[in-house]
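Structure assessment
Chain by chain, the residues run as shown.
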Amino acid sequence: TGSYYEVQKPLTSFAGKHSIVFTDLNNKEYKEDFEFVPFSLSPDVQDVLTRGKLVFKLTGLDPVDYIRVTLTDTSFTSVDINDVDTVKNGRLIISAKRLATLKSGPINLQFYKEQEKFLKNATAEGGKISITYGLKREFELKD
């Protein structure tokens, strides 16, 4: 459907203001400015969490925002969690009922933010910036 460019950067070096300049075949420049503010956990995830409602506090998000939440255990027979969930006022809640599908033991936790922004200064064909980033943690789930 058109030109595609991909850049992979470490999260710590990408926070802040950025400019992307695109020059078309006629040497016309299109400049797009944007700011990237990553989210983070505060406090970080403890090594051991007790089964029940889990509340994660996230900073760097809008008052109402959405992130992909993935929790996987080491059992083949369990139903893992892989959903886009709502973060309200910096709080993400995973209910005890949702957590009941996971087996006790090691848990891999991933939070991913997927953003798409349409370009303000684009060619007639348009364009967008897509940013995907995440946090990964491990903890032990105990009954």
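Conventions and cut-offs
- Residues numbered from 1 in each chain as written.
- Predicted model: local features only at pLDDT ≥ 70, side-chain atom pairs only at ≥ 80, totals over all residues.
- Heavy atoms only, no water.
- Helix = DSSP H or I, 4+ residues; strand = E, 2+ residues; numbered from the N terminus.
- Rg over C-alpha atoms; globule rule 2.2 N^0.38 Å.
- Buried < 20%, exposed > 50% of the residue type's maximum accessible area, 1.4 Å probe, protein only.
- Contact = heavy atoms within 4.5 Å.
- Areas by Shrake-Rupley, 256 points an atom, 1.4 Å probe, with all protein chains shown as cover.
- Lys, Arg positive; Asp, Glu negative; His and termini not counted.
- Charge placed at Lys NZ, Arg CZ, Asp CG, Glu CD.
- Core = buried A, V, L, I, M, F, W, Y, C linked by side-chain atoms within 4.5 Å.
- Salt bridge = Lys/Arg side-chain N within 4 Å of Asp/Glu carboxyl O.

**Digging into the overall build of the chain**
When helices and strands are tallied, the chain shows two helices and 10 strands. The N-to-C order of helical and strand elements in the chain reads α-β-β-β-β-β-β-β-β-α-β-β. Computed over C-alpha atoms, the radius of gyration of the chain comes to 19 Å, more than 25% over the 15 Å expected from 2.2 N^0.38 for 143 residues, which places it beyond the range of a compact globule. Here the chain, with 143 residues, has 30% of them falling under the buried criterion. Intrachain contacts of the chain at a sequence separation of at least 6 include 56% that bridge at least 24 residues. Surface accessibility of the chain: about 9,900 Å² in total, with carbon and sulfur atoms responsible for 50%. For the chain, the separation between the mean place of its 20 positive charges and that of its 20 negative charges on side chains is 5 Å.

**Some remarks on the environment of Leu-92**
Mapped onto the elements of the fold, Leu-92 is located in strand β8 (residues 91-94). Sequence-wise, Leu-92 and Phe-56 are 36 residues apart; in three dimensions their C-alpha atoms are separated by 5.1 Å. The contact partners of Leu-92, leaving out residues within four places of it in the chain, are Leu-54, Val-55, Phe-56, Leu-58, Ile-67, Val-69, Asp-85, Thr-86, Val-87 and Phe-111.

**Points about unusual backbone geometry**
For the peptide bond that leads from Ser-42 to Pro-43, omega is 0°, which places it in the cis range. Within the secondary structure, Pro-43 sits in the loop between β3 (40-41) and β4 (48-50). Positive phi, normally seen in glycine, also occurs at Asn-27, with a value near 65°. Mapping Asn-27 onto the fold places it in the loop between β1 (16-23) and β2 (29-36). Residue Asn-27 is classed as exposed on the basis of its relative accessible area, which comes to 64%. For Asn-89, which is not glycine, the phi torsion reads 50° and is therefore positive. Of note, Asn-89 is situated in the loop between β7 (81-88) and β8.

**Description of the nonpolar core**
Among the nonpolar cores identified, the biggest contains 29 residues, and Phe-56, Leu-58, Leu-71, Phe-111 and Phe-139 are the most heavily contacted of them. Mapped by element, the contributors of at least two residues to this core are β2, β5 (54-59), β6 (64-72), β7, β8, β9 (105-118) and β10 (128-142). In terms of residues, this core owes the most to one element, β10, which gives six residues.

**A look at the pattern of salt bridges**
Overall, the coordinates contain seven salt bridges when judged by the stated rule. One salt bridge in this structure joins Arg-51 and Asp-143, with 2.7 Å as the shortest N-O distance. Of this pair, Arg-51 sits in the loop between β4 and β5 while Asp-143 is found in the segment after β10, placing the two residues 92 residues apart along the sequence. We classify Arg-51 as partly exposed; its relative accessible area is 26%. Taking the relative accessible area as the measure of exposure, Asp-143 reaches 72% and is therefore exposed. Between Lys-128 and Glu-116 there is a salt bridge; the shortest N-O distance is 3.5 Å. Of this pair, Lys-128 sits in strand β10 while Glu-116 is found in strand β9, placing the two residues 12 residues apart along the sequence. For Lys-128, a relative accessible area of 45% puts it in the partly exposed group. A cluster of three or more residues bridged by salt bridges with shared partners is formed by Asp-83, Asp-85 and Arg-98.

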